[in-house]
Amino acid sequence: MKIVSRNEELLRDALPRIPQSSSRSSLSSHNKLIRFEDISAAAFKIQCGVQKTPCMYSRLSKQYGMDIYLKKEFLQYTGSVKERGVLYLLTSLPQDQQRKGVIVALDSNFSMAVAYHASELRIPVFVIMSTSTSPARVKMCREYGAMVISYGTTAKDSQTHARRLAQENGYLYLEEEDSALYLSGLGTVGLEVYEQVPKLDAVIFPAGGHCGLLAGSAAALKHLNPHISVIGVESESFPVLQQSLKAGHPTEDQACSNHHFYG
């Protein structure tokens with residue numbers, strides 16, 4: 001990923017696109033660049049569907065001798081920041097596709113967000129989970145409004161079955177990936193932090209696995225104030241982003257292992 005430090009603040013996508021024939025979500029027309037205007041549009045469009053979570057002064061401030069604020073995204077309905085990107089993605093789908101429905105695989109925060117918001121938007125939603133998935137997670141997904149189908153013993157089995165059903169029935173198969181729509185939705189976190197914290201010096205984001213929150217929010221923050229430091233933190237034992245930056249392109253681990261840290 002590359003953030004261009006100028007007023008337009010463009011962010012190039014990190015991962016290559018896969019064509020429509022693969023049954024993955026096809027958003028290539030919205031996937032070239034994101035601008036601050038894209039993130040502002042996302043904020044307006046999703047404002048009634050997600051929480052504007054508080055960014056609260058932390059008791060850690062006294063311990064570390066600086067003003068520290070914590071953005072409480074766990075207060076979203078499904079407990080995940082991914083709702084922002086998912087909601088903007090779903091509301092941007094053509095009406096014809098909204099009528100046909102969407103399908104996801106795996107037990108992940110992304111899938112839960114799709115299940116909840118698709119149901120709220122009256123979009124048919126199907127979630128394919130492996131037979132080893134926790135019954136509590138299956139129940140939760142059904143309570144969000146999704147049709148849950150247990151299939152296969154591995155994540156790969158579930159994904160393959162989901163792609164097959166998408167191809168046969170016209171569903172849109174969604175995966176968490178760096179589409180401009182999804183990143184713009186996640187970037188609304190950066191807008192809110194800038195509004196909520198006076199005299200902002202630095203913002204720290206998780207960077208392990210999928211880096212959409214870091215990328216989208218950085219695009220917003222750097223547009224609003226180029227002097228703000230945006231810091232991504234990842235595990236020393238799995239430094240995928242650092243490896244990708246050194247290589248000059250996403251590594252295979254980053255392309256294939258987005259869910260190591262984001263559930």
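What you are looking at is a predicted structure, and each value in this text was computed from that prediction instead of being measured.

Novice: Which parts of the structure should I look at to understand the overall build of the chain?
Specialist: Helix and strand counts for the chain stand at 12 helices and 11 strands. Within the chain, buried positions represent 49% of all 263 residues. In the chain, the proportion of contacts linking residues at least 24 apart, taken out of those at least 6 apart, comes to 65%. Of the accessible surface of the chain, which amounts to about 13500 Å², a share of 52% is contributed by carbon and sulfur atoms.

Novice: Help me understand helix α1 (residues 36-46), please; the structure alone is not making it clear to me.
Specialist: Given 3.6 residues per helical turn, the α-helix brings residues three or four places apart onto the same face. Turning to α1, its buried residues number three or more, namely F36, D38, I39, A42 and I46. Projected onto a plane normal to the axis of α1, the buried residues spread over an arc of 160 degrees and lie on a single side. Looking at the buried residues of α1, the elements they touch are β3 (33-34), α3 (82-91), α8 (180-186), α9 (188-196) and α10 (212-224).

Novice: What's the story with the packing of aromatic side chains in this structure? I'm lost.
Specialist: Each aromatic ring pair is described using two quantities: the centre-to-centre distance and the angle formed by the ring planes. Going through the model one piece at a time under the given rule, you end up with 6 aromatic pairs. Judged by centre distance (5.9 Å) and plane angle (65 degrees), the ring pair of Y116 and Y144 falls under edge-to-face. In this pair, Y116 sits in helix α5 (residues 109-120) while Y144 sits in helix α6 (residues 135-144), placing the two residues 28 residues apart along the sequence. Pair check on accessibility: Y116 and Y144 agree, each one buried.

Novice: Would you mind going over the confidence of the model for the chain with me for this structure?
Specialist: Should pLDDT be low for a region, the predicted coordinates there are not to be read in detail. Within the chain, residue pLDDT values average 85, and 83% of them lie at 70 or more. The low-confidence segment residues 1-26, where pLDDT is below 50, has 73 contacts with residues more than four positions distant or belonging to other chains. Here residues 254-263 is a poorly scored stretch, pLDDT under 50, and it has 31 contacts once near neighbours within four places are set aside; other chains count.

Novice: Is there a simple way to explain the pattern of salt bridges in this structure?
Specialist: Oppositely charged side chains are able to pair whenever their charged atoms sit close together. According to the stated counting rule, one finds 10 salt bridges in the structure shown. The salt bridge involving K71 is made with E192; its shortest N-O contact spans 2.6 Å. Placement of K71 in strand β5 (residues 69-71) and of E192 in helix α9 is noted, with a sequence separation of 121 residues between them. Among the residues examined, E192 registers a relative accessible area of 11% and is labelled buried. The salt bridge involving E175 is made with R163; its shortest N-O contact spans 3.6 Å. Of this pair, E175 sits in the loop between β9 (172-173) and α8 while R163 sits in helix α7 (residues 155-169), and the two are 12 residues apart along the sequence. Each of K71, E73, R84 and E192 takes part in a single network of salt bridges with overlapping partners.

Cut-offs and rules
Residues numbered from 1 in each chain as written. Predicted model: local features only at pLDDT ≥ 70, side-chain atom pairs only at ≥ 80, totals over all residues. Heavy atoms only, no water. Helix = DSSP H or I, 4+ residues; strand = E, 2+ residues; numbered from the N terminus. Buried < 20%, exposed > 50% of the residue type's maximum accessible area, 1.4 Å probe, protein only. Contact = heavy atoms within 4.5 Å. Areas by Shrake-Rupley, 256 points an atom, 1.4 Å probe, with all protein chains shown as cover. Arc of directions from axis to C-beta. Phe/Tyr/Trp six-rings, centres within 6.5 Å; stacked < 30°, edge-to-face > 60°. pLDDT = per-residue confidence, 0-100. Salt bridge = Lys/Arg side-chain N within 4 Å of Asp/Glu carboxyl O.

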